[in-house]
Amino acid sequence: CSGSPPSTMKRPVRKKKKNRLLSSRAEPASFVDILEERRRGSDISHALRAFSPPPGCGAPPPSPSALNKMVLESQHLRYVVLEVRDTPGQEEAAALLDEMSQNLQVTFIRLLGFALSKIFTRLFRRIQVNEDGLARLQQATQEHPVILMPNHRSYVDFLVLSYIMFTYDLSIPVIAAGIPLMGMSLIGEIFRRSGAFFIRRAIGSDKLYWAVLSEYVRTIVRTGFAPVEFYVEGLRSRTLKSLTPKMGMMHMVLEPFLKGEVYDLSLVPVSISYDRVLEESLLAHELLGVPKPRETTRGLLKARRVLEQDYGSMHVYFGNPVSVRELAKGRIGRGQYNLVPRDLPGRPSEESQAFASAAAHRVVRLQERGTVLSPWSLTALLVLQRPDGTRWDLLARDTLWLRGIALQLGARLDWPADLPDLEVMSSSMALHRSVVRCEEGCVWLVEEAGPEPVTQEEGVFRRASAVLMCASYRNQALHVFTRPAMVAVAMGTVPGHSQEDIYRHFCFLRDLFANEFVFVPGCGPQDFEEGCSGLQQCGAVSATDHELKPTEEERDTIVFLSAILEPFIETYQVVFRILCDERLQVFTEKSFVPAVRADAMKLLISGNPVTLRRDTEGYLPPTPTCCKLQCPNIYFRQSHCRIHPGSCSPTPLCGPQVATSSPI
Amino acid sequence: MASNTDISERQRIAARRLRVVAGHLQKCVQGEGAGVSAQACKTETPRSSPAKATSVPKRRQDIMKWNGWGYSDSRFLFNKKGQGEFTGKRYRLSGMILPSLKDWFEATFGTSLQHKTPATPTLNVSAVPPPNLVEPFVEELKVAGVAASHDPEGRVFRSHGHCLHEIFALREGRIGRVPDLVVWPNCHNDVVKIVELACKYNVCLMPYGGGTSVSSALECPLEETRSVVSLDTSQMNRILWIDEKNLTVHVEAGIIGQDLERQLNESGYCTGHEPDSMEFSSLGGWVATRASGMKKNIYGNIEDLVVHIKMVTPRGVIEKSCQGPRMSTGPDIHHFIMGSEGTLGVVTEVTMKIRPLPEYQKYGSIVFPNFQQGVSCLREVARQRCAPASIRLMDNEQFQFGHALKPQVSSIFTSFLDGLKKFYITKFKGFEPHHLCVATLLFEGDREKVLQHEKQVYDIAAKFGGLAAGEDNGQRGYMLTFVIAYLRDLGMDYYVIGESFETSVPWDRVLDLCRNVKERIVRECKERGVQFPPFSTCRVTQTYDAGACVYFYFAFNYRGLADPLHVYERVEHEAREEILANGGSLSHHHGVGKLRKEWMREAVSTVGLGMLQSVKEYVDPNNIFGNRNLL
Ligand SMILES: Cc1cc2nc3c(=O)[nH]c(=O)nc-3n(C[C@H](O)[C@H](O)[C@H](O)COP(=O)(O)OP(=O)(O)OC[C@H]3O[C@@H](n4cnc5c(N)ncnc54)[C@H](O)[C@@H]3O)c2cc1C
């Protein structure tokens, strides 16, 4: 995309023109609180209610053992067993399948339903779901196999989803879960019986395992008796920012369509957003390199402390089902399997990979669009730009201003209209007492209490953890601003106002941040257009045939938007600098992140300001370079030891070699 | 196709002998003996012998519809009482009332008998473009004694096949490009003469056999500016000799299927080649399109049946020098001819294999709980290589459709459904009336073997939950084969248009392909504004070692559509795309014609297409055979 400017730019971006994507994302959704009824009614009768989901598109559900038998007897597995091992392979496959497979039982769903009614009513004020989305989902399940694709922010994500499905009389999904969950003996078994199946973390090149897993998933999709649910982000996002999708499961679920085994598939993006995430404090620690506690049943019980707190509301937005057939139209030739048996094990073709990747990215984008933001997410954005504390009245004023922009950009906000704005903002912030405090009209970040005195390192650590927690909530809102912000930054680095130049710089940023934010591959022009029309919507730019100019009145907006990206850009610069350091020659990804962390720590402690060189070229080289680095998670920034990394070369990849472990 | 079950063994053998003898006697009357007869090509020889009476006159429009399927006297209609009825006397269904047809029709298509779309009753001759004749060519033909005519009705009749769009246009009285002249060669030598003259005067020739093409193969290319001559082969219809020692027959290529079979039957033989269009399609047409017959499991498809072909091309006559049953002499030149769709020359004479008439025929049917089980059963039958002469599996919609054609009273139509209902409560418990499907079977051979064979097949069926559902149902299914083609005209009287198309596909994809294509049709119709869900159904009509032939029917109610034909064509196009995407072939037997040309390159690769083109270039450099099919 770095080459020629997008064709859409040939015509002027007209001010009145409505961006289809934006308008679709801003469409109002009416949410219903499912806990309300739980608070009024009996949990027992809810758990024992007549549960009769409408039949899916496929045959009636096979018993778990019948399903396993289908998998074991599949031609695909036979091929692989022959290929990798001899006869014991069959038994091994059976053992793998035993370890993996779900054992969905309605009784357990009921049990779980009962327990969850108890737990959720304590944890959350409300669980808001969009019923129209559920109605569409129900419709979809009757037509084609459905793939439920929620974002992943908390351990409870999938529990909530199954709970909603149960409450609304929809087929309980079959859920791909990580093996660690299985490790929790009792819980593991309950999950299994509630429809979870378990996937090992590091599969690597174990062909037999891959084969068993993919055949298992494909068989479920093919038979279409229940929705398949998996996290396309692969992991729980520790930063609360969307992660770029992982492709393993995606390929498995798409394959039955690409091979013609099903007519179509519906991908249903589900956006789960929490006012406050249960694992909040763990997140920051994990990001800072404190190892995460192993998932054990005991640990979970200890987490009872978690139950005592108030987590506000959560929103679950069921997006419009995306027809894979529609997505595939003109993008992929389904005839590619015509000349080989469809069961033959083989890697997906390049064409399929590109298609799956685009589809996965698209779903993550849809998840982002369905996300409901709390007022605090907006406030957090501002707090981070003033980390040394700020006056509450100013903060409130700016939050309101930002709300205007966010709405222009099509964000979904949970902003009760019947309460005074000030109350809305302060109560939303109050939920985050552990992160931010407001005293005597001033607002500042709360640092974790701990034994005094603190070493310098500990000081930075505590500070960082506060900043990171705050940043997580900012991250929830980030996707709303990324594209306009990138255009804003690009405009700032281009002499003149030529759209073409701005687009080129935009593309550089897009490539640079390909692993940082979610961009649908090959959609550079659309992203740019979205950014531009967002800015126009806010009145921040005016566009003519070939030019894009900031407007005088809304300069603040441009400055503000650029500032959103600043920490990210600076982080990359720090990392590039470290990469260019000769001392680092060859290193593994594993050692890389701690090394960066240590270096950054040093920089912060020394407080050594490194000047940022911002001459005409700036950090944007004339020929955009694609940076394929996994970004380490260090983008905090403190005023008292501000990093100004400067004189590093902007093309870091010519530096040391990064030995990355093979991605899953 | 009478069932022989009720004749005792001895009677049957005796009857057969008598027929054989009678056949020989008739031949001897006309000429040589010793089981081999030959006839010279004499243009004006009156066709005296009843066995030779041709069922295709030069003026076909005298007995056949000019704007619909089949014989003029036979058609479906809804009578004043609103009952379905089939007119005429030719078929077993003729003259019968079909009480459930109306309900099925209205329910399936959401139509009402109030809303009619009658066809233009007669051809408006003045709408036919005047012929563009090359006078010296016409003169020389006359001198050579070749019959020719530029009568507008005859030209219009030969300007089309039986694609929906062709018939639809005629019903509306729209006449497109039509041939300028029709010629009727009487024998091979006539054809040689015609081709010579065509080359000499650069006239475009289009061979015309039975006119049953369903691939736009007979449509005159719009871009053709030369005089277009339709070469009607119907008068080249003699059996030239029967060779009983080698079991072959040598026939002129214009003979139509039913005549060939009837005449051979009189001699105690058959070719066994029975495409559903055999009442009208010709031997030359079969060769030119690579046709497939219902009973190919025993007799083979056309490519298995031909031993020798003679074809007249602009370069001269192509044929092999002997009748050896198999040769290794490079690529088989027959395979340039078969499927050439009239682009290379005219097939004039063919030597074909024949078989003694089967001593015993038995129909059968099997009900399966669902289509999937049925397909699995057919697959197993193919695996064991024990397919009966014919085995066809209909999906549920077609099964129900079959019921709609149940006549009021008739012995062979003993009420299946009623029987089934009883059955259903007792043995069929678990069979969903909206899922079950039926296979029809036809066994042929000697009695012992047939019975054995039958048992083998029913045993396999039982493994897949199939239950024998009686001979009558089977026989009825095959009998309907010939009348079903008449139904489209009825539909078109009431806003319903439709068509069938086919493909071949590996076994493991049969189910997926059937489901996806049917679904695609439904979705595409909906998207294109078709108000009522279309009739979208399929059946598996042939089994092979490595796959099957699948046949789709598709029809919809077009009320409210501005351009129904366009919608129809788009949907058919999308359906074909879906077939190809699911590993199906471009065609199993209908051929490519002009309708499916756009996919030829994809189907046979660029090099493959180039090969075919270079053959065309060599054989017919001036594109005398300019129907522009295939390439
Ligand atoms: C109701 C119906 C049922 C059908 N069922 C079957 C079926 O079961 N199996 C099957 O295979 N097909 C079937 N068809 C398709 C059609 O009947 C076949 O393609 C048949 O072989 C065409 O023969 P025809 O004599 O009618 O040829 P035409 O339709 O007259 O011509 C078809 C093509 O062959 C060329 N051609 C004809 N005669 C000669 C010749 N002597 N020399 C060179 N080229 C020639 C023509 O130029 C044209 O391109 C069916 C069609 C209909 C309408």
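Above this text is the structure in question.
Residues numbered from 1 in each chain as written. Chains lettered and ligands numbered in written order. Predicted model: local features only at pLDDT ≥ 70, side-chain atom pairs only at ≥ 80, totals over all residues. Heavy atoms only, no water.

## Remarks on unusual backbone geometry
Residues and elements named next belong to chain B.
- Positioned with a positive phi, E341 is a non-glycine residue whose angle comes to about 50°.
- Examined against the element boundaries, E341 turns out to sit in the loop between α11 (334–337) and β13 (346–353).
- Even without being glycine, R385 reaches a positive phi, approximately 50°.
- By the element assignment, R385 lies in the loop between α12 (371–383) and β16 (390–394). (Helix = DSSP H or I, 4+ residues; strand = E, 2+ residues; numbered from the N terminus.)

## Regarding the sheet that holds strand β17 (residues 437–445) of chain B
All names here are of chain B.
- If you trace the seven strands from one edge of the open sheet to the other, you get β18-β15-β17-β16-β20-β21-β19, paired in antiparallel fashion. Two strands bound the open sheet, and with one partner strand each, they are β18 (467–468) and β19 (496–506).
- Alignment of strand β20 (residues 535–543) against strand β21 (residues 547–557), held across eight bridges, turns out to be antiparallel. Bridging from a neighbouring strand, F535 pairs with A555 of β21.
- Taken strand by strand, helix α13 (residues 396–404) contacts β16, β17, β20 and β21, and its axis lies near 100° from that of β20.
- The strands touched by helix α17 (residues 510–527) are β19, β20 and β21; relative to β21, the strand with the most contacts, the crossing angle is about 15°. (Pairing = 2+ DSSP bridges. Contact = heavy atoms within 4.5 Å. Axes fitted to C-alpha atoms, helices over the stretch in contact; angles between N-to-C directions.)

## Here we look at empty space enclosed by the protein
Residues and elements named next belong to chain B.
- Here the second largest cavity is characterised by a volume of approximately 260 Å³.
- In terms of lining residues, the second largest cavity is bounded by 19 residues, among which M394, Q398, G402, G477 and L480 are the most central.
- Listed by contribution, the elements that provide at least two residues to the lining of the second largest cavity are β16, α13, β17 and α16 (471–493).
- With seven residues, the single largest contributor to the lining of the second largest cavity is α16.
- When the residues that make up the lining of the second largest cavity are grouped by side-chain class, the tally is nine nonpolar, seven polar and three charged. (1 Å grid on protein atoms, 1.4 Å probe; cavity = no way out; pocket = protein on both sides within 12 Å on 5 of 7 lines; lining within 4 Å. Points joined across faces, edges and corners; volume = space filled by probe spheres on them. Nonpolar A, V, L, I, M, F, W, Y, C, P; charged D, E, K, R; others polar.)

## Some points on the interface of chain B and chain A
- Chain B puts 14 residues into the contact, and the matching count from chain A is 16 residues.
- Buried surface at the junction of chain B and chain A, summed over both partners, amounts to about 1,200 Å²; 31% is from carbon and sulfur atoms.
- Contact with chain A buries surface across chain B, with R509, R523 and A581 of chain B losing the most and accounting together for 37% of the total.
- Across the chain B-chain A interface, the total number found is four salt bridges.
- Across the salt bridge formed by R342 of chain A and D508 of chain B, the nearest N and O atoms sit 3.6 Å from each other.
- At the surface where chain B touches chain A, the tally comes to twelve residue pairs in polar contact (both at pLDDT 80 or more).
- Listing elements by their share of the side of chain B that touches chain A, those giving two or more residues are α17 and α18 (564–581) of chain B.
- The class makeup of the residues in the side of chain B that touches chain A is two nonpolar, three polar and nine charged. (Buried area = accessible area lost by both parts, 1.4 Å probe. Salt bridge = Lys/Arg side-chain N within 4 Å of Asp/Glu carboxyl O. Polar contact = N/O pair within 3.5 Å; in protein donor to acceptor, adjacent residues only side chain to side chain.)

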